[in-house]
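# Tertiary structure, described
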Amino acid sequence: MEISLQTVYDNLEKIDRVDATTSAVYRQLAQDILADPEIDLTWRKAISDRLNQVNHELTVHAHVDDDSY
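What comes next concerns the included structure. (Residues numbered from 1 in each chain as written. Predicted model: local features only at pLDDT ≥ 70, side-chain atom pairs only at ≥ 80, totals over all residues. Heavy atoms only, no water.)

### As for the overall build of the protein chain
Broken down by element type, the protein chain carries 3 helices and 0 strands. Moving toward the C terminus, one meets the helices and strands of the protein chain in the order α-α-α. A total of 69 residues make up the protein chain; the buried ones form 20% of that total. Accessible area for the protein chain stands at about 5,200 Å²; split by element, carbon and sulfur atoms hold 51% of it. (Helix = DSSP H or I, 4+ residues; strand = E, 2+ residues; numbered from the N terminus. Buried < 20%, exposed > 50% of the residue type's maximum accessible area, 1.4 Å probe, protein only. Areas by Shrake-Rupley, 256 points an atom, 1.4 Å probe, with all protein chains shown as cover.)

Encoded structure:
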């Protein structure tokens, strides 16, 4: 199945609203793009930035009240 770069980019924004399996698929697709030097650097940078942003937001919002730091 061929998936567009735009779809991968857009899916990353929904990563916090999907189940864990779908989230893993979205992340894997993004990682595959980042690892492919034949994909335009502009797209790889945009996807990398979005993935980093989502990871940061999930980390910040994943705090559970009984966690100890």
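### What to know about helix H3 (residues 41–61)
If you check H3, its first and last C-alpha atoms are 30 Å apart, about what 21 residues at 1.5 Å a residue would give, namely 30 Å. Every buried residue of H3 is accounted for by Arg 44, Ile 47, Arg 50, Leu 51 and Val 54. Burial along H3 is one-sided: seen end-on, the buried residues are contained in an arc of 135°. The outward face of H3, more than 90 degrees from its buried face, is lined by the exposed residues Leu 41, Thr 42, His 56 and Thr 59. Capping of H3 at its N-terminal end is provided by Asp 40; its side-chain oxygen lies 3.0 Å from the backbone amide nitrogen of Thr 42. (Expected span 1.5 Å × (residues − 1). Arc of directions from axis to C-beta. Polar contact = N/O pair within 3.5 Å; in protein donor to acceptor, adjacent residues only side chain to side chain.)

### Points about the pattern of salt bridges
If the charged atoms of two oppositely charged side chains come close together, the side chains can form a pair. Taken as a whole, this structure holds 3 salt bridges when the rule is applied. Here Arg 50 makes a salt bridge to Glu 13, at a shortest N to O gap of 3.6 Å. Of the two residues, Arg 50 sits in helix H3 while Glu 13 sits in helix H1 (residues 5–13), which places them 37 residues apart along the sequence. Among the salt bridges present, the one from Lys 45 reaches Asp 49, with a minimum N-O distance of 3.0 Å. Residue Lys 45 and its partner Asp 49 are located together in helix H3, separated by 4 residues, close to a single helical turn. A relative accessible area of 39% means that Asp 49 is categorised as partly exposed. (Salt bridge = Lys/Arg side-chain N within 4 Å of Asp/Glu carboxyl O.)

The analysis is restricted to geometry; functional conclusions fall outside its scope.
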